[in-house]
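Take a look at the letters that make up each chain.
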Amino acid sequence: MYLPPHDPHVDDPMRFKPLFRIHLMERKCATVECMYGHKGPHNGHIQIVKKDEFSTKCNQTDHHRMSGGRQEEFRTWLREEWGRTLEDIFHEHMQELILMKFIYTSQYDNCLTYRRIYLPPSSPDDLIQPGLFKGTYGSHGLEIVMLSFHGKKAKGTKITGDPNIPAGQQTVEIDLAHPLQLPDVENLRDFSELSRIVLEVQEQVRREEQEREQQQEEEEHSQQAASQPASPLGGEGAEGEETAAGAEGTTQDKAPASQPFVLPMGVISRNEDYPRSCRICFYGTGLIAGHGFTSPERTPGVFVLFDDDRFGFIWLELKSFSLYSRIKVSFQNAQAPSREAFEEMLKNIQSLAT
């Protein structure tokens, strides 16, 4: 198991924790040992479910328990996972979220199912190299997000989740066709100014979507009314629109190498050590929900690209900032055989989460 560093140190390396091991014996025999817990390796079982999926089961779960009961287990988990003690956490809401996460994870310690995930394919046109990133999520701590590019969109998909947004969901979506021009640093400190800029772009995006839907409806009606194929003018118009969007999207190439950046007053960040300059910003949306993934909704925000290995997202409605840093672990045999296979995997993990 690859665990993120302790919150909020996103630039620290990942931590490694063995979960099981297999001893290959003679005559095609094998023994499986569960490595979970603090009492050493013990008897386990592995079952191949189907292609790219298998399950592990512990046959001696008493090895996972501690003499001090659940309280000792919780304190040990807190020290290992968060690098702190319960006495260090004064915020009552944060205590509640951490306890929920412990309950969620500990109830599945005896039987786990593993499914293959692919790293996102890359293209020369990508803003940065896609891949896995560690990100700050307020009181939820650090979580792992996969950044992938899909034409004029970029997606951040949760690989690890929390009691509000489970793994597999699309935590952020970046609209690469709508770069944002931030005000100078002094005006950027004013949250209302940033909010005004973002909401104006949100309204522009909404109007463009309505126009596209209306155009699509008109094309469908014209195709139904005429027996011959639709006029090629419609195709040319569509191409022209796409070219315009592409030209707008490529404004990143003309953007300055870097510009000063500071978080607006009132925006909360777990990590105050964020970069003070950025390359470019884009309009985006972030997914928020109540406990148990109730009432999910996409809300406006700002994607901030700092450099090749770090980016941020300002959650406008939450007045919160997430900082993401690239995971630099080399995973073997993790490349998708095709872009279609990668897209299919994204759909599958999202359907599992819902």
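Residues numbered from 1 in each chain as written. Predicted model: local features only at pLDDT ≥ 70, side-chain atom pairs only at ≥ 80, totals over all residues. Heavy atoms only, no water.

**Q** In this structure, what is going on with the domain arrangement of the protein? I would like to understand it.
**A** Interface size is commonly expressed as the accessible surface area that is lost when the partners come together. According to the domain assignment, the protein consists of domain 1 (2-115) and domain 2 (131-195 + 256-352). Each of domain 1 and domain 2 was reduced to a C-alpha centroid, and the two centroids are 27 Å apart. Contact with domain 1, which involves 22 residues of that partner, is made by 23 residues of domain 2. At the junction of domain 1 with domain 2, the criterion picks out two salt bridges. (Domains from an automatic or database assignment. Contact = heavy atoms within 4.5 Å. Salt bridge = Lys/Arg side-chain N within 4 Å of Asp/Glu carboxyl O.)

**Q** Which parts of the structure should I look at to understand the pairing of strand β6 (residues 53-58)?
**A** Each regular strand shows side chains that alternate between the opposite faces of the sheet. Judged from the six bridges that link them, strand β5 (residues 42-50) and β6 form a sheet pairing that is antiparallel. Bridging from a neighbouring strand, Q47 pairs with S55 of β6. One ladder, built from five bridges, connects β6 with strand β7 (residues 111-115); its direction is antiparallel. Looking at the pairing, S55 lines up with T113 of β7. (Pairing = 2+ DSSP bridges. Helix = DSSP H or I, 4+ residues; strand = E, 2+ residues; numbered from the N terminus.)

**Q** Would you mind showing me how to read the environment of R15 here?
**A** Locating R15 in the fold gives a position in strand β2 (residues 15-16). Separated by 114 residues in the primary sequence, R15 and Q129 place their C-alpha atoms 23 Å from one another. Once you skip the residues sitting within four places of it in the chain, R15 turns out to touch M1, Y2, L3, P4, P5, H6, E80 and E81. Here P4 takes part through its backbone oxygen, which lies 2.8 Å from a polar atom of the side chain of R15. A polar contact of 3.4 Å, which involves the side chain of R15, links it to the backbone oxygen of E81. (Polar contact = N/O pair within 3.5 Å; in protein donor to acceptor, adjacent residues only side chain to side chain.)

**Q** Would you take a moment to explain the pattern of salt bridges for this structure?
**A** Opposite charge on two side chains permits pairing when their charged atoms draw close. Per the stated rule, a full pass over the model turns up 22 salt bridges. Salt-bridge contacts for E73 lead to R70; the nearest nitrogen and oxygen are separated by 3.2 Å. Taken as a pair, E73 and R70 lie in helix α1 (residues 69-82) at a separation of three residues, close to a single helical turn. Of the charged contacts, one joins D309 and R326 as a salt bridge, the two residues approaching to 2.7 Å between their closest N and O atoms. On the criterion of sequence distance, the pair formed by D309 in the loop between β16 (294-307) and β17 (310-315) and R326 in strand β18 (residues 320-326) is long-range, its members being 17 residues apart. In this structure R326 comes out as buried when scored by relative accessible area, which is 12%. A network of salt bridges, in which partner residues are shared, links D11, D307 and R310. (Buried < 20%, exposed > 50% of the residue type's maximum accessible area, 1.4 Å probe, protein only.)

**Q** What is the right way to look at the environment of Q223 in this model?
**A** When you line up the elements, Q223 lands in helix α4 (residues 191-225). For the pair Q223 and N187, spaced 36 residues apart in sequence, the C-alpha to C-alpha distance is 51 Å.

**Q** Is there a simple way to think about the layout of surface pockets in this case?
**A** A probe matching the size of a water molecule, rolled over the atoms, marks out where space remains unfilled. By volume, the second largest pocket amounts to about 610 Å³. Lining the second largest pocket are 24 residues, with Y137, G138, S139, L318 and S320 positioned closest to its centre. Looking at the lining of the second largest pocket, the elements with two or more residues in it are α2 (92-106), β13 (268-269), β15 (280-290) and β18. The residue inventory of the lining of the second largest pocket, partitioned by class, reads eleven nonpolar, nine polar and four charged. Looking at which domains feed residues into the lining of the second largest pocket, each of domain 1 (2-115) and domain 2 (131-195 + 256-352) gives three or more. (1 Å grid on protein atoms, 1.4 Å probe; cavity = no way out; pocket = protein on both sides within 12 Å on 5 of 7 lines; lining within 4 Å. Points joined across faces, edges and corners; volume = space filled by probe spheres on them. Nonpolar A, V, L, I, M, F, W, Y, C, P; charged D, E, K, R; others polar.)

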